[in-house]
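What follows is the residue order along each chain.
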Amino acid sequence: MKLLLVGEYKNGNVDESFYELVAFAEKLGAEAVAFFVAPTDIKPEFNGKVYVADVEKAKEYNPKVHRDLVLKIAETENPDYIVLSHSSYGWDLAPRIAFKWDAGQISEIVEVDNDGFVVPFCNAKLRRLLKPNTEKAVLTLQSGAFAPAKASSATVETLDVDVTDEGLEFTGFEVVEKGGVDLTKAEIIVSAGRGVGKKENIEVVEKLAKALGGELGASRPVVDAGWLPAERQVGTTGQTVAPKLYVACGISGAIQHLAGMKKSNFIVAVNKDKDAPISEVADVFVVADLLDFVPVLTEKLSS
Amino acid sequence: MNVLVCVKQVPDMESKFTVSSDGLWYDQSDLTYKINEYDEYAVEEAVRLKEKTGDVTITVLSIGPDRVKEAIRKALALGADKGAHIKDDEIHLKDPFQVATIIANYAKDKSFDIIFTGMQSEDRGSAQIGTLVAEMLGMNCVTTIVGFEYVDGKVNVKRELEGGIRAKVTSSLPIVLTCQLGLNTVRYPTLPNIMKAKRKELKEFELSEFLNTDSKVVTLKAFVPEKKKGGIVLEGASDEIADKLVSILKEKAVI
């Protein structure tokens, strides 16, 4: 079996997620070659052939160009699977490749099974076992599902890049403004999730944060609703934190949130829904409505 | 301008889910359904575009059993102009390629300038449909947008990347845009608009008109995952469990 791994180059480095793709290939006992759009002098810690398309020419976001480069390598290497991370880059590119390659796609794989691939379903409350119905397939892997595997450095081959005008132009990056808050330095973080119900209730969680001497954090829905600023968002698109104590109040635990806080030393979750996926990472799971429970806890900690 | 918004009806994710009797999906009975949250942002963005530029017709498309009409009616109440319902009681058993084929075949002769979809559904979450539709129709596509503006026949969008970074992209039309949470603030339908929506056009179509392909992925089974980690579960009166929690935190020296 042979895999073509589509790695990512981010912020001046080979992204760590690439080594998760390598681990996946090892798990399948498959031979692997890799592809990056990156500077042509990169040296990934990977024992194999790496095709590199110059990022100066192909640009960091130029989906049709990236797709066609991957397809060109697929023609030479004839892999069984093309594998990407289930990231903003991977989920954008994978279906484009799958369509042109006439292959099925399985998204966000978390496990390999003898018969197929396991993916989460319904906010990870259920799972499905899927199998490609096509000879070849495109696969994306959930971030963090496979422990990274590194080896000695790779043999790099530079690709020619043909850029044609596709009526779509990447014009640059924008960074979400950070205020005075740096959650990554906090020892204790108490975060509010959708379960707070309305903006006025944020105060309930904020008081607990104060009583514990911690910082106030938030899950995505709270930031999207405008109840707290983006600088307080914990998760893949916000801050990745690992405090001594993380208290999640009314947070169900979507994978994007879990990825940003599951390395915390001790995790307490307060949630009405006993099946909420946050229970998977919680050291203590309090089954309660946060609006009833949190004020009582705050009171005890303050006295 | 001709705009299509694709909406999916999904259960509330806080529901208790069990595996269906055929072992391939979740049991669809006794669940509360709503518009997929990502798709609500898609509807809202289309309505804002119409309010800003005027000459826009918004069609809302949904595929599924009769109950998905509620999702279409809600989108009409939020400001879409007309609805299309492709009837299929077994849409949940189709793979993303088939679902995208149905949408693309519906859209192919209608000259849509912009197709808005959610970036994924809350239940299946494949994040494939919008992009596949774009590939099938030969349209441009930008996924995971958190910013949108239409200026002089072009769209300027922001696509969300990891770690608080966004990529700015400009594109010509036609284009498929998949919407991320937080793209805008979704309005609530007003009572007069709910009444008005009942009189808006909602056409029904048979699935056989649009589906002409086999699945590329098969589901072998759906199942409840084993719990990864057995943390302490505290249940009962708030006063009692708060005491317990405080002593655990002290014992573990985290406070």
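Scroll up for the structure.
Here the structure is a predicted model, which means the values were calculated and not measured. (Residues numbered from 1 in each chain as written. Chains lettered and ligands numbered in written order. Predicted model: local features only at pLDDT ≥ 70, side-chain atom pairs only at ≥ 80, totals over all residues.)

**Describing the environment of E177 of chain A**
Part 1 of the argument: Its place among the elements puts E177 of chain A in the loop between β13 (168-175) and β14 (188-192).
Part 2 of the argument: For the pair E177 of chain A and A282 of chain A, spaced 105 residues apart in sequence, the C-alpha to C-alpha distance is 30 Å. (Helix = DSSP H or I, 4+ residues; strand = E, 2+ residues; numbered from the N terminus.)

**Considering the pairing of strand β9 (residues 117-121) of chain A**
All names here are of chain A.
Part 1 of the argument: Burial of β9 is extensive: five of the five residues sit out of reach of the surface.
Part 2 of the argument: Of the two faces of β9, the one holding F117, V119 and F121 and the one holding V118 and P120 are both buried throughout.
Part 3 of the argument: Judged from the two bridges that link them, strand β8 (residues 111-112) and β9 form a sheet pairing that is antiparallel. Looking at β9, one finds that V112 is bridged to F117. (Buried ≥ 20, exposed ≤ 12 C-beta atoms within 10 Å, placed from the backbone. Pairing = 2+ DSSP bridges.)

**Quick notes on the interface of chain B and chain A**
Part 1 of the argument: Counting residues at the interface gives 69 residues for chain B and 71 residues for chain A.
Part 2 of the argument: Taken together, the elements giving at least two residues each to the side of chain B that touches chain A come down to α3 (96-107), α4 (129-137), β7 (140-151), β8 (154-160), β9 (165-172), β12 (217-223), β13 (232-235) and α6 (238-251) of chain B.
Part 3 of the argument: Pairing between β13 of chain A and β9 of chain B: seven bridges, direction antiparallel. In the sheet register, V175 of chain A faces β9 of chain B, and the bridge partner there is I165 of chain B. (Contact = placed C-beta atoms within 7 Å.)

**Section: the environment of V247 of chain A**
Part 1 of the argument: Residue position: V247 of chain A is located in strand β16 (residues 245-249).
Part 2 of the argument: Leave out the neighbours within four places in its chain, and V247 of chain A touches V190, S191, L208 and V268 of chain A.

**Focus on the nonpolar core**
Part 1 of the argument: One finds L5 and V83 of chain A together with V5 and A75 of chain B to be the most contacted residues of the largest nonpolar core, which totals 128 residues.
Part 2 of the argument: Not counting residues within four places of it along the chain, the set of residues in contact with V5 of chain B comprises A42, V43, A46, I58, V60, A75, A80 and F116 of chain B.
Part 3 of the argument: Residues V222, V223 and V286 of chain A together with L245 of chain B belong to the second largest nonpolar core, which totals 50 residues. (Core = buried A, V, L, I, M, F, W, Y, C linked by C-beta atoms within 7 Å.)

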